[in-house]
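# Commentary on secondary and tertiary structure
Listed below, chain by chain, are the residues.
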Amino acid sequence: MKKDLLFTATAAIGLLLAGCNANNQQTETVALDESETTIETVASATPAATTTDSVFEVAEVMPEFPGGTQALLNTIAQKLKYPPKAIDDQIEGRVVLQFIVDKQGKITDIQVLRGITPELNQAAIDVVRALPDWNPGMQDGEPVNVKYTLPIVFKLK
């Protein structure tokens, strides 16, 4: 194991929402650990579901990490553990996870949409599983289950 190898884990946050009629796009660049992280937000006015137990692709108010996007980036950067095998093998890349932020703000049903290696995929799942509860999404003034997509970038320094 290369103990002297420094690494940074950067997180790219994005809402990757599909199946919507009208989209507004916004891109923002945030500095984190001397690297750039791009946050892409895609929003739409059309929800994918209408019942209270359904999972929405888009809600009137999307779920939000407590403290906002910068707090999410900081938390991921602090808690993400780069697997030693991936460091030894010099593996970098992006793991794209999708999960549901339920009505109580809890993260459930974490799935890997696009992975790199089993070790990096698990590290991404572990960091998302360790996140505190979110502010839930809202539709018609009621909390709803909302699907959320989160890319996590692994980059060695």
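As shown above, the structure is provided for reference.
Note that the structure is predicted; figures quoted are calculated from it, not measured.

Okay, unusual backbone geometry next. Look at Gln90: it is not a glycine, yet its phi comes out positive at around 55°. Here Gln90 is to be found in the loop between helix H2 (84-88) and strand S5 (93-101). Residue classification places Gln90 among the partly exposed residues on the basis of a relative accessible area of 43%. With a phi close to 55°, Asp140 is a non-glycine residue in the positive phi region. Here Asp140 is to be found in the loop between strand S7 (137-139) and strand S8 (142-156). Taking the relative accessible area as the measure of exposure, Asp140 reaches 62% and is therefore exposed.

Time to look at helix H3 (residues 118-129). For H3, built from 12 residues, the straight-helix expectation of 16 Å at 1.5 Å per residue is met to within 8% by its first-to-last C-alpha distance of 16 Å. Along H3, the positions that sit buried rather than exposed are Leu120, Asn121, Ala123, Ala124, Ile125, Val127 and Val128. In this structure, the buried side of H3 is in contact with helix H1 (69-79), H2, S5, strand S6 (107-114) and S8.

Conventions adopted
Residues numbered from 1 in each chain as written. Predicted model: local features only at pLDDT ≥ 70, side-chain atom pairs only at ≥ 80, totals over all residues. Heavy atoms only, no water. Helix = DSSP H or I, 4+ residues; strand = E, 2+ residues; numbered from the N terminus. Buried < 20%, exposed > 50% of the residue type's maximum accessible area, 1.4 Å probe, protein only. Expected span 1.5 Å × (residues − 1). Contact = heavy atoms within 4.5 Å.

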